[in-house]
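# Observations on the model geometry
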Amino acid sequence: MTEVISLGLCILKFDYDNPVFRKYIETFPTYKEEEDAIRITIIFKQGIVDKNTKTSDSCCLDIDPSLIRKYVVTENGDCIYINSSLFIERDFSRNIMFIIYDKIARDDDYSGFIETFIANILYKIKWLTLHGAVLVKDNSAVAFLGKSRSGKSSTVIQLLDQASGILCNDLFCLNLNNTEIKSIDKVFGVRTGNNLYIDSLVRQRLTGNEFYRNEQVYYSLEENEGIEYIKTSNLKKIVFCSVSDKSSDITIKRIYGIEIFKNFMDSCICLSKKIEIDYLYLFEIIRCNYDCYKLVLPNFNLKTDINKNIFSADFLENLLSGGYK
């Protein structure tokens, strides 16, 4: 089976031999094809994975390092052995990635491999892919960045009523030559059960059928009547998110210099060693063009009143106007 979609900046061609993989294709929004769009091919193929691989090395993928059995840099890309049933080969000269699997488990999630590969290719044409959620208010975008479980989705779901719409809940790319950003993820994935108030907001705002689920439940932003899905905007502010292990209060402060660099490195997507990336150059772009903030969310296990919105009604407006110092 073959399917081709356009992300505008790039054209994604998927070849897959099992319909279960189609759910990953459907997570991408479609754009009008741009004249100089780069071509990317992603191939799923069942095959025998080398089960005798025992050595390990560092690998540029945003996944648990304990899952990686071996990482090898090749002439045109790299190869990654994931446990004993999954093998990834990436060719950056031809923009082709092979996902070779031994068998399919119901809870397997290949989206991270696909997204990281796309991030590598987009960086070659000066677009930086970032892991974060983005809210838009009057064509001014605020990006909430952070590691998995840093509270991005919980923050966004509580601030939706203050925004004009949402650009993404997980993945977007930034033009390194200006402030333009584009959504490359049209699903809202959220973990439920940690907070009753947030769970109720999810049920109210994320209407429609479940897109798919693993440890999170995913909903389509395009098909959700309760949220305006905005695919392009201009980035104005960056907020790095984390969750406190000691405090029951929310804090936000403007950050500078090395603190921006540390938070940026903690939240950015790791690119392959074959892609020449200058993190200091990226840091200078972030530092010079955007006001950056550190948002620390409360530990809900310590908070007594968890059944209300933890943000003030003018939080997003204050953030965009520079009200937080």
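The present account deals with the structure reproduced in this document. (Residues numbered from 1 in each chain as written. Predicted model: local features only at pLDDT ≥ 70, side-chain atom pairs only at ≥ 80, totals over all residues. Heavy atoms only, no water.)

### Thoughts on the overall build of the chain
Keep this limit in mind: Secondary structure elements follow DSSP: runs of H or I of four or more residues count as helices, runs of E of two or more count as strands, with numbering from the N terminus. Exposed residues in this analysis have more than 50% of their type's maximum accessible area, buried residues have under 20%, and partly exposed residues fall in between, with area computed by a 1.4 Å probe over protein chains only. By definition in these notes, contact holds between two residues if any of their heavy atoms fall within 4.5 Å. Working definition of accessibility: Shrake-Rupley area with a 1.4 Å probe, residue cover restricted to the visible protein chains.
Counting its secondary structure elements, the chain contains seven helices and 18 strands. Per-residue burial for the chain yields a buried fraction of 54% across its 325 residues. In the chain, once contacts between residues fewer than 6 apart in sequence are set aside, the share between residues at least 24 apart is 68%. Surface exposure of the chain reaches about 15,200 Å², of which carbon and sulfur atoms provide 46%.

### A few points about the environment of V73
Tracing the backbone through its elements, the reader meets V73 in strand β4 (residues 68-73). With a relative accessible area of 40%, V73 lands in the partly exposed category. Residues V73 and R90 lie 17 residues apart in sequence; the distance between their C-alpha atoms is 9.7 Å. Once residues within four sequence positions are removed from consideration, V73 is found in contact with D78, K273 and K274.

### Quick look at the sheet that holds strand β14 (residues 210-213)
So the rule is basically this: A pair of strands counts as paired when DSSP detects no fewer than two bridges linking them. Each axis is a line fitted through C-alpha atoms, taken for helices only over the stretch in contact, and angles between the N-to-C directions span 0 to 180 degrees.
Strand order in the open sheet formed by three strands is β13-β15-β14, with antiparallel pairing between adjacent strands. Across the chains shown, the open sheet's two edge strands, defined by having one partner strand only, are β13 (187-190) and β14. On average, each strand axis in the sheet is inclined to that of its neighbour by 25°, with strand direction left out of account. Across three bridges, β14 lies against strand β15 (residues 217-220) in antiparallel orientation. The residue bridging Y212 from the neighbouring strand is Y218, located in β15.

### Looking at the environment of D36
The residue D36 is located in the loop between α1 (22-25) and β3 (38-46) in this model. Judged by its relative accessible area of 65%, D36 is exposed. As for D36 and L9, which are separated by 27 residues in sequence, their C-alpha atoms are 7.5 Å apart.

### Looking at the side chain of N95
The criterion, for reference: Pairs of N or O atoms are called polar contacts if they sit within 3.5 Å, as long as, within protein, a hydrogen donor faces a hydrogen acceptor (for residues adjacent in sequence, only side-chain-to-side-chain pairs).
Tracing the backbone shows N95 in the loop between β6 (86-91) and β7 (96-101). Reaching out from N95, the side chain makes a polar contact with the backbone oxygen of R39 at a distance of 3.3 Å. Setting aside anything within four residues of it in sequence, one finds N95 in contact with I38, R39, I40, T41, F117, I121 and K124.

### Section: the nonpolar core
Counted only if it meets this: Take the buried Ala, Val, Leu, Ile, Met, Phe, Trp, Tyr and Cys residues and link them wherever side-chain atoms come within 4.5 Å; each set so joined is a nonpolar core.
Membership of the largest hydrophobic core comes to 72 residues, with the highest contact counts inside it found for F14 and I114. Top contributing element to this core by residue count: helix α2 (residues 111-124), with eight residues. If sequence neighbours within four positions are ignored, I114 has contacts with F14, Y24, F28, I42, F44, M97 and I99. If you look at the next biggest cluster of nonpolar residues, it comprises 34 residues, including L159, L206, Y219 and Y293.

### Quick notes on the packing of helix α5 (residues 257-267) against helix α6 (residues 279-289)
Let me state the cut-off plainly: What makes a crossing left-handed is the near helix being turned counterclockwise from the far one by less than a right angle; a clockwise turn instead makes it right-handed. Following the grouping adopted for this structure description, the nonpolar residues are Ala, Val, Leu, Ile, Met, Phe, Trp, Tyr, Cys and Pro, the charged ones are Asp, Glu, Lys and Arg, and the polar ones are all others, Gly among them.
Two elements in contact, α5 and α6, have axes separated by 10 Å at closest approach and are oriented at 115°. For the pair α5 and α6, the crossing hand works out as right-handed. Taken together, the residues of α6 that come into contact with α5 (itself represented by G257, I260, F261, F264 and M265) are Y279, L280, L282, F283, I286 and R287. Here the contact of α5 with α6 is built from residues that sort into nine nonpolar, one polar and one charged.

### A look at the sheet that holds β4
Strand order across the open sheet formed by seven strands is β1-β2-β3-β7-β6-β5-β4, with mixed pairing between neighbours. Where the open sheet ends on each side, the last strands, each with one partner, are β1 (2-6) and β4. Neighbour-to-neighbour, the strand axes of the sheet open up by a mean angle of 10°, direction not taken into account. The sheet contact formed by β1 and strand β2 (residues 10-15) spans five bridges and is antiparallel. Each bridged residue has a counterpart across the sheet, and for E3 the counterpart in β2 is F14. Relative to β3, α2 is tilted by about 155°, and along the sheet it contacts β2, β3, β5 (77-82), β6 and β7.

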